[in-house]
Amino acid sequence: MYCVSPIFFFLLFVTRMHNAASVSASLGSVGLLRLVGVSWPWSLAAGIGVYLGTRSWKYFYIAARTAKRDLNGLYVLLRVKLALWRYMRSGSNIPSIFTQTVKLHPNKPALIYEATGETWTFTQLDEISNAVAHWARGQGWVSGDVVALFLESRPLHVALWLGLAKVGVEAALINFSLRCDPLLHCIGVSGSRAIVFGAELADGDLSAERLAALDAQPLDPLLATASRRSPSPCVPRKRMNGEPGLLVGRINQKDPLRRFDGYANQDATKKKIVHNVFRKNDSAYLSGWHFFI
C-alpha cells in the first residue's frame with residue numbers, strides 16, 4: 001500500500017484552479033474584444049496571450065527577451081510577401097527576376113557547393129543556364145513540355161532547371177534516392193519527354209554502345225558548344241526572297257487561348273494551318289510576318 005500525501009492533492013487542486021482561472025480570463029478577453037468589434041484572429045491571439053500570461057509571468061519575460069528576434073523575422077516575412085505581391089502583379093517569372101538579379105549583382109556568388117567549395121557567380125550561372133536553354137531548344141522542346149532531372153544536388157542542377165525555365169520547359173525534379181519501380185512510377189507520372197540523369201546514379205554499364213542503344217548523349221560537351229547568350233524568343237526560319245518568316249501560333253485545342261476551330265470556308269482554314277512546326281504531328285496557325293514562339 002502506498003500513501004499519498006494530502007499536500008499532493010492540495011497542489012493538484014491549486015494547479016487545476018489556476019488553469020481554470022487562466023481559461024476563464026482568456027475566454028473573457030476574447031468575448032470582450034469581440035463585443036467591441038475586434039476581428040476573430042486578433043481576438044483569439046489576445047486570448048492566447050492572456051492565457052499564457054496568467055499562467056506564468058515568465059512568459060512575458062521570455063517574450064520581451066525574444067522581441068527583437070521576432071520583430072526581425074516579421075520584418076523579413078513582410079518584405080518577402082510584398083516582393084511576391086509585386087512580382088505577381090507585374091507578371092514576372094523566375095527567369096525575369098533572375099535576369100534582374102544578374103544585372104544588380106553580376107560578380108556576387110550565387111551558388112556555393114559545400115562538398116567541393118566550388119563557387120558560381122550570378123554571371124556564370126546565367127551563362128550556363130543560357131547554354132542549357134539553347135540546348136533544350138535544339139532538342140525541339142517547347143513551352144509546356146516536361147523534362148525529368150535525375151541527378152544529385154550540385155550547381156549544374158540549378159542551371160538545368162533555370163535554363164529549361166527560360167524556354168518555358170518544366171523541370172520534373174526526381175528524388176535521386178529512388179530506384180526500380182518507384183523511380184519508374186515518378187518518371188511516368190511526370191509526363192516527361194526526356195530525362196537528364198547523372199552518371200553517378202546509373203547502375204550498370206555506361207559504355208558508348210550502351211548509351212547509343214538508349215539514345216543518350218553526354219551533356220557536358222553539348223553545353224560547352226552551346227551559345228552563352230540569352231535565348232531569344234525568335235526562332236530562325238528559312239527565308240524566301242529576303243522576307244522574314246511567318247508569325248506562327250501553336251494550336252492547342254485544350255487551351256481556350258490557343259484553340260482554333262477553323263473558318264466556315266474549309267479552303268481558307270487549310271491555308272491558315274501548318275503542321276510539324278514545333279514538333280512532329282503538331283499544328284500551328286499562320287498570321288502576318290515574322291516567326292516567333
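- Taking an unreviewed UniProt entry as the reference, the chain is identified by name as Long-chain-fatty-acid--CoA ligase belonging to Goodea atripinnis.
- Per UniProt, the comment on the chain under Sequence similarities (unreviewed entry) is "Belongs to the ATP-dependent AMP-binding enzyme family."

### Some points on the side chain of D126
And step 1. Considering the arrangement of structural elements, one finds D126 in helix α6 (residues 122–138).
And step 2. Residues in contact with D126, not counting those within four places in the same chain, are F98, V102 and K166.

### Focus: the pairing of strand β1 (residues 109–113)
Side-chain direction in a regular strand flips from residue to residue, so the side chains alternate between the two faces of the sheet.
And step 1. Sheet analysis places β1 next to strand β2 (residues 118–121), joined by 4 bridges and oriented antiparallel. Bridging across to β2, Y113 finds its partner in E118.
And step 2. Linking β1 back to β2 in an antiparallel pair, the connection comprises 4 residues, with G117 at a positive phi of about 80°.

### Topic: the nonpolar core
And step 1. By size, the foremost hydrophobic cluster in this structure holds 27 residues, and its most contacted members are L125, W135, W141, L160, L164, V196 and L223.
And step 2. It is α6 that provides the largest number of residues to this core, a total of 8 residues.
And step 3. Excluding anything up to four places from it in sequence, W141 contacts W135, A136, V147, L164, V169, R193 and A194.
And step 4. If you look at the next biggest cluster of nonpolar residues, it comprises 9 residues, including F150, I174, L178 and L201.

### Concerning the sheet that holds strand β4 (residues 170–173)
And step 1. Pairing in this open sheet of 3 strands is parallel, and the strands run β4-β3-β5 from one edge to the other. Edge positions in the open sheet fall to β4 and β5 (194–197), since each of these has one partner strand only. Pairs of neighbouring strands in the sheet enclose a mean axial angle of 30°, with direction left out of account.
And step 2. Sheet topology note: the strand β3 (residues 146–150)/β5 ladder contains 4 bridges and is parallel. Its bridge partner lying in β5, L149 is registered against V196.
And step 3. Across the face of the sheet, helix α7 (residues 155–166) comes into contact with β3, β4 and β5 while running at roughly 180° to β3.

Reading guide: rules and limits
Residues numbered from 1 in each chain as written. Predicted model: local features only at pLDDT ≥ 70, side-chain atom pairs only at ≥ 80, totals over all residues. Heavy atoms only, no water. UniProt positions renumbered as here; feature names shortened; annotations may be inferred. Helix = DSSP H or I, 4+ residues; strand = E, 2+ residues; numbered from the N terminus. Contact = heavy atoms within 4.5 Å. Pairing = 2+ DSSP bridges. Core = buried A, V, L, I, M, F, W, Y, C linked by side-chain atoms within 4.5 Å. Buried < 20%, exposed > 50% of the residue type's maximum accessible area, 1.4 Å probe, protein only. Axes fitted to C-alpha atoms, helices over the stretch in contact; angles between N-to-C directions.

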